[in-house]
Amino acid sequence: MYENLKTRIEDRCIMSSQAAKDFGEGATNDFTIQEDHPAVIQVISETKDVRGCAMPNLIYVSRQKSLTSPHHFKAGALNVLVRNSELYTLNKTISYFFYILVSSIFVIFIYLYICVCARAYACFYVKQLRVSSIMTNAPIVLTLDCDMISNDPSTPQQMLCFFMDSSVKSNLGYVQFPVRFNGVNKADIYGSEFKRMYHINPMGLNGLSGPDYFGTGTFFNRQVFFGGPSSSKNTELEYVVKKPINNHAILESAHNMASCDYENQSDWGLKKGFRYGSLVEDYFTGYQLHCQGWKSIFCNPKRASFLSEMPISLHEMITQTKRWSVGLLEVSFSKYSPLTFGTKSLGPLMAHCYSYYAFGPSWSIPILFYAFLPQIYMLHNISIFPKVSDPWFLLYMFLFVGAYGQDLLEFILEQGTTLRWWSDQRMWLVRGLSSDFFGTLEYVSNRLGIASRGFNVTTKVNDNEQRTQYDNGKFQFGVVSPVFMPFSTAAIVNLIAVFGGFLQLLRGTILLDEFLGQIIISSFGMVNSWPVYEAMFFRTDKGRMPTKITIFSVILAWLLISLMTKM
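Each chain carries its own residue numbering, running from 1 in the written order of its sequence. Residues qualify for local features only when their pLDDT is at least 70, as the model is predicted, and side-chain atom pairs are given and counted only at 80 or more; totals for whole chains, interfaces and linings, by contrast, use all residues. Side-chain numbers come from the whole structure's heavy atoms, not from hydrogens or water.

**Q** Break down the overall build of the chain for me, citing the residues and quoting the values.
**A** Of regular secondary structure, the chain possesses 19 helices and eleven strands. Burial here depends on accessible area, computed with a 1.4 Å probe over protein chains only, as a share of the maximum for the residue type. Under 20% is buried, over 50% is exposed, and the range in between is partly exposed. Within the chain, the proportion of its 567 residues that are buried is 55%. In this description, accessible areas are obtained by the Shrake-Rupley approach with a 1.4 Å probe, and a residue is regarded as covered only by the protein chains that are shown. If you sum the accessible surface of the chain, you get close to 25,900 Å²; carbon and sulfur atoms cover 61% of it. A run of DSSP states H or I qualifies as a helix once it reaches four residues; a run of E qualifies as a strand once it reaches two. Both are numbered from the N-terminal end.

Now the structure itself:
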């Protein structure tokens with residue numbers, strides 16, 4: 001459905017005289033992948049119903065892209081929209097201006113007309129970013145990713161309860177709805193729900209300044225894009241232009257605002273709009289808004305307000321979270337670090353909450369140690385944990401069982417299942433040995449100038465075989481990628497350690513009292529690695545672990561164990 005809609009819109013734009021003029025002979029229906037092209041803005045649909053009331057408008061926006069100008073990925077695309085939303089109005093109704101992000105360049109505008117009377121206002125308007133600032137005039141902005149659908153028509157009414165509450169509206173920057181996914185399998189094998197990030201933690205953050213910005217499912221007060229609560233423009237509309245959105249002057253202004261040069265020597269991306277400087281523009285923008293004094297609210301109704309698609313390939317999931325890791329580290333070690341700038345602007349508690357995410361990729365370091373060292377040392381009869389008879393052993397067990405027990409309890413209380421919790425904690429370990437690890441390496445290489453910064457768009461289109469395997473709870477590997485190497489090697493090492501450890505116990509070369517802690521960790525790692533063993537040795541479908549990865553993992557595991565022998 002999405003691909004059909006994308007093709008129809010692109011065909012409509014290409015057939016238009018303006019698009020043909022802009023693109024010239026290069027105007028084809030694959031122009032969305034071009035890296036150097038002018039801005040294209042087309043009003044696809046502008047109609048009225050039988051009563052003469054305005055119907056939803058569909059406006060296609062392709063911002064200008066130049067090889068000589070940075071485009072700032074998704075944040076840049078959003079800011080292009082910020083500048084154009086103050087002309088077209090709908091009286092005595094609430095009109096919601098949604099965007100669908102097709103790529104970092106192309107954006108589809110949809111006016112989703114919702115018949116809800118605004119009792120408190122004779123006129124209520126909705127705004128969507130820069131290009132929309134001259135095509136509509138409204139104080140509320142809703143951002144949605146291209147793969148999200150509306151699931152509850154009462155969502156706007158729920159949102160208005162907060163924005164019209166006199167006790168909070170003066171500094172309320174945005175209302176965040178949870179990200180929920182459509183088509184998640186029974187076990188949620190990739191931990192796609194991100195229940196702690198999207199559900200559990202935001203409820204607690206409501207007691208402070210509010211949740212961070214998730215990048216989608218968010219209703220913004222338009223003032224947040226122009227300064228803090230005390231310095232923002234007045235909430236009243238500055239002007240209402242009565243010209244239709246197809247007017248030549250309006251379209252000309254919109255094209256100007258979608259150009260590469262418009263942001264030069266301006267505050268866009270620095271103090272205005274969505275913030276530049278991090279691949280996680282959503283996290284960074286929400287963080288900056290909170291630092292400016294804005295508050296946010298997490299609204300979590302029983303019925304999902306929006307539903308999203310998620311990657312069903314493990315490689316795509318890791319690619320997505322690796323980008324998050326790089327972006328978070330960019331914030332962590334910038335002048336806006338939550339430890340320094342955040343503490344001064346937000347106070348220690350809220351700064352700690354933002355630091356929890358910002359420094360999250362650093363979990364790869366202890367996970368990497370625990371995935372290899374206890375196992376390899378046990379194979380060489382070296383104990384690194386206290387004996388069972390030692391009182392310190394109880395402390396280790398308390399921390400291990402207590403941390404996992406608390407995580408399970410909170411997961412269950414948030415309507416999770418034990419099966420999905422197990423998948424969630426397993427994916428936390430997998431991400432630590434893949435996306436967090438490689439994200440850290442990429443960030444370091446970027447800082448050293450070895451590699452250039454990039455934005456990899458997550459592919460969520462899948463074939464029938466992939467979907468069937470995913471629904472059956474099978475991990476999808478399929479491609480030869482270095483991101484699989486660390487955790488596949490760890491799986492081999494843990495498997496060898498468990499069997500080698502029990503063999504040593506039977507031979508009496510090691511004592512259970514000394515090595516119980518290492519046996520538990522190795523067994524825990526082996527059980528978590530079952531999908532990897534299955535993909536390596538028992539599957540024959542396209543989603544199995546590539547043979548090259550299996551061979552290299554076995555060789556690397558053997559080298560690590562042998563290296564310890566020589567030491």
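Continuing now.
**Q** Which residues make up the side chain of histidine 199, and what values do they have?
**A** Here histidine 199 is to be found in helix α5 (residues 195–205). Contacts between residues were defined by any pair of non-hydrogen atoms, one from each residue, lying within 4.5 Å. Once residues within four sequence positions are removed from consideration, histidine 199 is found in contact with Pro178, Val179, Arg180, Glu193, Phe194, Phe298, Asn300 and Glu414.

**Q** Please give an account of the pairing of strand β9 (residues 218–221) that cites residues and values.
**A** Here β9 shows a buried face lined by Thr218 and Phe220 and a second buried face lined by Phe219 and Asn221. Sheet analysis places strand β5 (residues 140–143) next to β9, joined by four bridges and oriented antiparallel. Note that in β9 the partner of isoleucine 140 across the bridge is asparagine 221. In terms of strand pairing, strand β7 (residues 172–176) meets β9 through three bridges, oriented antiparallel. Note that in β9 the partner of glutamine 176 across the bridge is threonine 218. Paired strands, as defined in this entry, are two strands with at least two bridges between them according to DSSP.

**Q** Got a sec to walk through the state of the cysteines? Specific residues and values, please.
**A** The disulfide criterion used throughout: a pair of cysteine sulfur atoms within 2.5 Å. Under the definition given, this model contains zero disulfides. We note that cysteine 161 lacks a disulfide partner, and the nearest cysteine sulfur, in cysteine 299, lies 8.2 Å from it.

**Q** Go over the environment of glycine 478 with me, naming the residues and quoting the values.
**A** Secondary-structure assignment places glycine 478 in the loop between α15 (464–471) and α16 (485–507). Taking the C-alpha atoms as reference points, glycine 478 and lysine 542, separated by 64 residues in sequence, lie 5.6 Å from one another. Discounting chain neighbours no more than four positions away, the residues touching glycine 478 are Lys542, Gly543, Arg544 and Pro546.

**Q** Outline the sheet that holds strand β10 (residues 295–298), supporting the account with residue identities and numerical values.
**A** Across the sheet, which stays open at both edges, the four strands sit in the order β5-β9-β7-β10 with mixed pairing between neighbours. Every other strand in the sheet has two partners, leaving β5 and β10 as the edge strands with one partner each. The sheet shows a mean angle of 20° between the axes of neighbouring strands, direction not considered. Of the strand pairs in this sheet, β7 and β10 are connected by four bridges, and their pairing is parallel. From the neighbouring strand, tyrosine 174 faces β10, where its bridge partner is serine 296. With respect to the sheet, helix α4 (residues 155–163) is in contact with β5, β7, β9 and β10, its orientation differing from that of β7 by roughly 150°. Interaxial angle, 0 to 180 degrees, is taken between N-to-C directions of lines fitted to C-alpha atoms, where a helix line uses only the stretch in contact.

**Q** Hey, could you go over helix α9 (residues 338–346) for me, with residue numbers and the actual values?
**A** Pro338, Gly342 and Leu346 are the residues of α9 that are buried. For α9, the arc enclosing every buried residue in end-on projection is 10°, short of the 170-degree limit, so these residues lie on one face. Where α9 is buried, its residues contact α7 (281–291), α8 (314–332) and α10 (348–358). Two residues or fewer past α9, glycine 347 is found with a positive phi of approximately 95°. It is the directions from the helix axis to the C-beta atoms that the arc portrays.

**Q** Explain unusual backbone geometry to me, and be specific about the residues and the numbers.
**A** Phi at phenylalanine 194 is positive, roughly 45°, even though this residue is not glycine. Position of phenylalanine 194 relative to the elements: it lies in the loop between β8 (180–181) and α5. According to the relative accessible area criterion, phenylalanine 194 is buried, its value standing at 10%. Unusually for a residue other than glycine, asparagine 381 sits at a positive phi of about 60°. Summarising the element assignment, asparagine 381 is placed in the loop between α11 (364–379) and α12 (391–413).

**Q** Pulling in residues and values, what's your account of the pattern of salt bridges?
**A** Salt bridge, as used here: a side-chain nitrogen of Lys or Arg that lies within 4 Å of a carboxyl oxygen of Asp or Glu. Across all of its chains, the model carries eleven salt bridges by this definition. Residues glutamate 281 and lysine 74 are paired through a salt bridge, measuring 4.0 Å at the closest nitrogen-oxygen approach. Of this pair, glutamate 281 sits in helix α7 while lysine 74 sits in helix α3 (residues 73–82), and the two are 207 residues apart along the sequence. A salt bridge links glutamate 193 to arginine 420; the nearest nitrogen and oxygen atoms lie 2.9 Å apart. With glutamate 193 in the loop between β8 and α5 and arginine 420 in helix α13 (residues 418–432), the pair connects residues that are 227 residues apart, well separated along the chain. The two residues glutamate 193 and arginine 420 agree in class, both being buried. Connected through salt bridges with shared partners, the residues Lys74, Asp145 and Glu281 form a single ionic network.

**Q** Report on the packing of aromatic side chains, specifying residues and quantitative values.
**A** A pair of aromatic rings is counted whenever rings of Phe, Tyr or Trp (Trp by its six-membered ring) have centres within 6.5 Å, and the orientation is called stacked for planes under 30 degrees apart, edge-to-face for over 60 and tilted otherwise. Tallied over the entire structure, the rule returns 40 aromatic pairs. Each ring, one from phenylalanine 385 and one from tyrosine 396, has its centre 5.5 Å from the other, and the planes form 70°; the classification is edge-to-face. Of this pair, phenylalanine 385 sits in the loop between α11 and α12 while tyrosine 396 sits in helix α12, and the two are eleven residues apart along the sequence. What makes phenylalanine 385 buried here is its relative accessible area of 13%. The interplanar angle of 25° and the centroid separation of 6.1 Å between the aromatic rings of phenylalanine 475 and phenylalanine 477 together place this pair among those described as stacked. Like phenylalanine 477, phenylalanine 475 is buried.

**Q** Kindly report on the sheet that holds strand β6 (residues 148–150), identifying the contributing residues and their values.
**A** What the three strands build is an open sheet, ordered β6-β11-β8; its pairing is mixed. Every other strand in the sheet has two partners, leaving β6 and β8 as the edge strands with one partner each. In this sheet, strand β11 (residues 306–308) lies alongside β8 in parallel orientation, the contact comprising two bridges. When the sheet's bridge partners are listed, phenylalanine 181 is paired in β11 with serine 308.

**Q** Tell me about the side chain of aspartate 147, and please be specific about residues and values.
**A** By secondary structure assignment, the location of aspartate 147 is in the loop between β5 and β6. At 3.4 Å, the side chain of aspartate 147 forms a polar contact with the side chain of serine 308. Pairs of N or O atoms within 3.5 Å make up the polar contacts considered here, provided that, within protein, one atom can donate a hydrogen while the other can accept it, and that residues adjacent in sequence are counted only when both atoms are side-chain atoms.

**Q** I'd love a proper account of the nonpolar core, names of residues and values included.
**A** Throughout this description, the term nonpolar core refers to a set of buried Ala, Val, Leu, Ile, Met, Phe, Trp, Tyr and Cys residues connected via side-chain atoms within 4.5 Å. Ranked by size, the top nonpolar core spans 80 residues in total, and within it Phe220, Leu314, Phe477, Phe484 and Phe487 carry the most contacts. For this core, the element with the highest residue contribution is α16, accounting for seven residues. When near neighbours in sequence (up to four residues on either side) are disregarded, phenylalanine 220 contacts Pro139, Ile140, Val141, Thr143, Phe163, Gly173, Tyr174, Tyr213, Phe225, Phe274 and Leu289.

**Q** Can you tell me about the confidence of the model for the chain, naming the residues and giving the values?
**A** Across the chain, the average pLDDT comes to 81, with 77% of residues at 70 or higher. Per residue, pLDDT captures the predictor's confidence, and it can take any value from 0 to 100. Within the chain, no element has a lower average pLDDT than strand β4 (residues 106–114), which sits at 32, and none a higher one than β10, at 97. Below a pLDDT of 50 lies the segment residues 85–128, which in the model reaches 202 contacts outside its immediate sequence neighbourhood of four places, other chains included. Below pLDDT 50 for its whole length, residues 234–240 participates in 15 contacts with residues either more than four positions away or in separate chains.

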